[in-house]
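Below, each chain spelled out in residue letters.
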Amino acid sequence: MDDTGTRDNPALRARHRRSALRTAAFLSPWLIGFAVFFAYPLLSTVFFSFTRYDGFRPPAPNGLDNWAYVFTDYPLFWPALRNTLWLVVVMVSCRVVFGLGVGLLITRIKTGAGIFRTLFYLPCLAPPVAATLGFVFLLNPGTGPVNTLLDGVGLPTPGWFTDAAWSKPALTVLALWGVGDLMVIFMAALLDVPKEQYEAAELDGAGAWARFRHITLPNISPIILFAVVTGVIQAMQFYTQPLVAGKVAAGVIGGSGQQFEPGYPDKSTLTLPQLVYNLGFQRFDYGTACVVALVLFALSMAFTALLMRRRGGLIGAGE
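To keep things clear, this report deals only with the structure shown in the data block.

Description of the overall build of the protein chain
- Secondary structure summary: the protein chain contains 15 helices and two strands in total.
- By the compact-globule yardstick of 20 Å for 319 residues, the protein chain is too spread out, its C-alpha radius of gyration being 25 Å.
- Principal-axis analysis of the C-alpha atoms places the extent of the protein chain at approximately 90 × 70 × 30 Å.
- Counting only residues that meet the buried cut, the protein chain has 36% of its 319 residues in that class.
- For the protein chain, contacts bridging at least 24 residues in sequence account for 66% of all contacts bridging at least 6.
- As displayed, the protein chain has an accessible area near 18,300 Å², and 66% of this comes from carbon and sulfur atoms.

Digging into the pattern of salt bridges
- The full count for this structure, using the stated rule, is two salt bridges.
- Put simply, arginine 57 and aspartate 54 hold a salt bridge, and the shortest N to O gap is 2.6 Å.
- When the shortest N-O distance is used, the salt bridge between arginine 95 and aspartate 181 registers 3.2 Å. Of this pair, arginine 95 sits in helix H4 (residues 77-107) while aspartate 181 sits in helix H9 (residues 180-191), placing them 86 residues apart in sequence.
- A relative accessible area of 28% places aspartate 181 in the partly exposed class.

Overview of the state of the cysteines
- One pass over the full model with this rule turns up zero disulfides.
- There is no disulfide at cysteine 94, and the cysteine sulfur nearest it, in cysteine 124, is 18 Å away.

Overview of the nonpolar core
- The biggest cluster of nonpolar side chains holds 56 residues, and the ones touching the most others in it are Phe77, Phe161, Leu272 and Leu275.
- Setting aside its immediate chain neighbours within four residues, leucine 272 contacts Phe77, Ala80, Leu81, Thr84, Val292, Leu296 and Leu299.

What about a positive patch on the surface?
- On the surface, a cluster of positive charge is made up of Arg13, Arg15, Arg17, Arg18 and Arg22.
- Within the element layout of this structure, arginine 22 appears in helix H2 (residues 10-48).
- When its relative accessible area of 47% is taken as the criterion, arginine 22 is described as partly exposed.

Remarks on the packing of helix H13 (residues 272-282) against helix H14 (residues 286-309)
- Running from N to C, H13 and H14 point in directions that differ by 160°, and their axes come no closer than 8 Å. When the axis of H13 is compared with that of H14, the two are roughly antiparallel. With respect to the hand of their crossing, H13 and H14 are arranged in left-handed fashion. Residues Leu272, Pro273, Leu275, Val276, Leu279, Gly280 and Phe281 of H13 touch H14, and the partners they reach there are Tyr286, Thr288, Ala289, Val292, Ala293, Leu296 and Leu299.
- Here the residues of the contact of H13 with H14 sort into 12 nonpolar, two polar and no charged.

A closer look at a nonpolar patch on the surface
- A contiguous nonpolar surface patch, about 670 Å² in accessible area, is contributed by Leu27, Trp30, Leu31, Phe34, Phe38, Phe297 and Met301.
- Put simply, the parts of the chain that give the nonpolar patch at least two residues each are H2 and H14.
- With five residues, H2 is the single largest residue contributor to the nonpolar patch.
- The topology assignment puts phenylalanine 297 in helix H14.

Definitions and cut-offs
Residues numbered from 1 in each chain as written. Predicted model: local features only at pLDDT ≥ 70, side-chain atom pairs only at ≥ 80, totals over all residues. Heavy atoms only, no water. Helix = DSSP H or I, 4+ residues; strand = E, 2+ residues; numbered from the N terminus. Rg over C-alpha atoms; globule rule 2.2 N^0.38 Å. Buried < 20%, exposed > 50% of the residue type's maximum accessible area, 1.4 Å probe, protein only. Contact = heavy atoms within 4.5 Å. Areas by Shrake-Rupley, 256 points an atom, 1.4 Å probe, with all protein chains shown as cover. Salt bridge = Lys/Arg side-chain N within 4 Å of Asp/Glu carboxyl O. Disulfide = S-S within 2.5 Å. Core = buried A, V, L, I, M, F, W, Y, C linked by side-chain atoms within 4.5 Å. Patch = residues over 30% accessible without salt bridge, like charges linked within 9 Å, V, L, I, M, F, W, Y side chains within 5 Å. Lys, Arg positive; Asp, Glu negative; His and termini not counted. Charge placed at Lys NZ, Arg CZ, Asp CG, Glu CD. Axes fitted to C-alpha atoms, helices over the stretch in contact; angles between N-to-C directions. Parallel < 35°, antiparallel > 145°, perpendicular 65-115°, else oblique. Left-handed = near helix turned anticlockwise from the far one by under 90°. Nonpolar A, V, L, I, M, F, W, Y, C, P; charged D, E, K, R; others polar.

Structure (structure tokens):
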């Protein structure tokens, strides 16, 4: 029946109304959660970004002053943005490739696979602060066992967390150490690939690389996309590890309330989430902190949208 017939029939209109109300009732938990935990905080952040607000006095509108300050006068914004983008591109790529490689390796081990799976998964259970502290001491340029071993075999000994050129690679090594979560996801995807396809490819004379490119990659491409998208979101929220590494490497280990300018050494470990915390909860400049938070949100949405639009390339590359 067309829309005209529906409008002319009171019984149908009442039925559609009841159906709409029933649908809204089932959706109400999600709608309430979306409004309270996403829509309201987002709109509030947008509002406060155009105000001067310190959390004690009522917010006072100041137009685009906060935005102009962040993009033109705030000296920490652009270094933090560059570091965050570096981590998104390099660290996420390395984690996905390394996690996939470890998953492929363990799925092909015939004996002791459970032991290796446990050994690779355990590091991701370590608390971020404890893991970072351990890595800072392991990579200590003067007394750490890693540099001692490198020096013993005649290799260069980097400064790691005390050198601006090596701090982000050191954070990447820390992220690779805890790659067990991705390993488990990739293992489940790899074990789900139909064995008949591999057998048919072997009968056709396909080598290991051809089987990986034309069979493995197309079958696990949705999982790769999931790993990349979640990795980008995690990299955009990268806060604890660089902050702890910078503080310990700088020798600043104090209690709560101690002021510390993040980013040691030479702003190389500074990230956008650190700016949000520093501006909002240490300097009580909530308006400027909201601007940085919105930039972070926009970047996360842009990366996610780009990856979702390009998701077909993961399959096309393997065909």
